[in-house]
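The primary structure of each chain is shown beneath.
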Amino acid sequence: MKRKTTESRQRLENPYAHLNGVGGFDALPALAPAPDDRVRTSRDAQQNPYAYLNGIGGFDEGAPNQQRAAQQQVGGSDLSAQASGDRRYASIQDLAREIQVALWKQKSQLWPGGVPSDPVELLDPAKALQMLGFQFDLAESLGQYRSQDGLVEVAGIIDRGRQRVDISRRFPYNTRRFTAAHELGHMLLHKDMRMHRDRP
């Protein structure tokens, strides 16, 4: 499978093709053809190396001289309306995929100064929160609280009433990004949670 995945990623010119939301692999699309010269030329003209890729690692219908890959049905951009209540694991994966697709479709609006060239950078939880109507800010400190482990520095706070998420700058980038994703999960999955603070 690894060899097949590597070959498919090379053909698609997408090093992240076929990854699913939990670090494993989605099924490899059997009919996804390699980009031909017209696709490469069009990508160069658009200055977008990912043009025509759809949400499942295949090609969109508009790709020059390409067969249409199976398309994943995606809900509208109002994902928060679908996100209320507790969800089973498969539904959480579906919701994560919807967020990913919505970020992709709205990338020009979310990054008006220029869309990142690395597709992993598009999976920004801060942008997802903003897309869903939350204000996102980095704070120098969010304070501390006492727990059974002693004094703990607060890494993130979600305030649903004010539609706001704050993340502390006191932690490394990866911790801040994970905490932002964690707050996004609270926002989508725990509709009754009004305010919550998290440790790193």
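Refer to the structure presented above.
Note on numbering: residues in each chain are counted from 1, in written sequence order. Residues qualify for local features only when their pLDDT is at least 70, as the model is predicted, and side-chain atom pairs are given and counted only at 80 or more; totals for whole chains, interfaces and linings, by contrast, use all residues. Here the side-chain values reflect all heavy atoms present in the structure, with hydrogen atoms and water set aside.

Turning to the overall build of the protein chain, a few remarks are in order. Across its full length, the protein chain carries seven helices and six strands. Helical segments are the DSSP runs of H or I of at least four residues, strand segments are the runs of E of at least two, and each set is numbered from the N terminus. When the helices and strands of the protein chain are placed in sequence order, the string is α-α-α-α-α-α-β-β-β-β-β-α-β. Accessible area is worked out with a 1.4 Å probe on protein chains only. A residue is then buried under 20% of its type maximum, exposed over 50%, and partly exposed in between. Of all 200 residues assigned to the protein chain, the portion counted as buried reaches 38%. Counting contacts in the protein chain only where the partners sit at least 6 residues apart, residues at least 24 apart contribute 55% of the total. Of the roughly 11900 Å² of accessible surface on the protein chain, a fraction of 48% belongs to carbon and sulfur atoms. Contacts between residues were defined by any pair of non-hydrogen atoms, one from each residue, lying within 4.5 Å. Reported accessibility uses the Shrake-Rupley method at a 1.4 Å probe radius. Residues are deemed covered only where the shown protein chains occlude them.

Centre-to-centre distance and the angle between the planes together describe a pair of aromatic rings. Think of it this way: a Phe, Tyr or Trp ring, Trp meaning its six-membered ring, pairs with another when their centres are within 6.5 Å, and the plane angle makes it stacked under 30 degrees, edge-to-face over 60, tilted otherwise. With the rule as written, the count across this model stands at zero aromatic pairs. The positively charged end of Lys107 is found above the aromatic ring belonging to Trp104, 3.9 Å away from the centroid. Two limits define a charge over a ring: the Lys NZ or Arg CZ must be within 6 Å of the ring centre, and within 35 degrees of the ring normal.

The strands that make up a sheet are held in pairs by hydrogen bonds between backbone atoms, and each pair lies either parallel or antiparallel. Whether two strands pair depends on DSSP finding at least two bridges between them. Spatially, the four strands line up as an open sheet ordered β1-β5-β4-β6, and their pairing is mixed. The open sheet terminates on both sides in strands that have one partner only, identified here as β1 (135–139) and β6 (195–198). On average, each strand axis in the sheet is tilted by 10° relative to the strand beside it, whichever way the strands run. Relative to strand β5 (residues 164–168), β1 is paired through five bridges, and the arrangement is parallel. Angles run from 0 to 180 degrees between N-to-C directions of axes, and those axes are lines fitted to C-alpha atoms, restricted for helices to the stretch in contact.

This brings us to unusual backbone geometry. Negative phi is the rule for most residues except glycine; trans is the rule for most peptide bonds. Not every positive phi belongs to a glycine, and Gln163 is a case in point at roughly 50°. Judged by relative accessible area, which is 38%, Gln163 ranks as partly exposed.

In this section: the side chain of Thr179. Position of Thr179 relative to the elements: it lies in helix α7 (residues 173–189). Given a relative accessible area of 3%, Thr179 falls into the buried group.

Read these as spatial facts, not as claims about activity.
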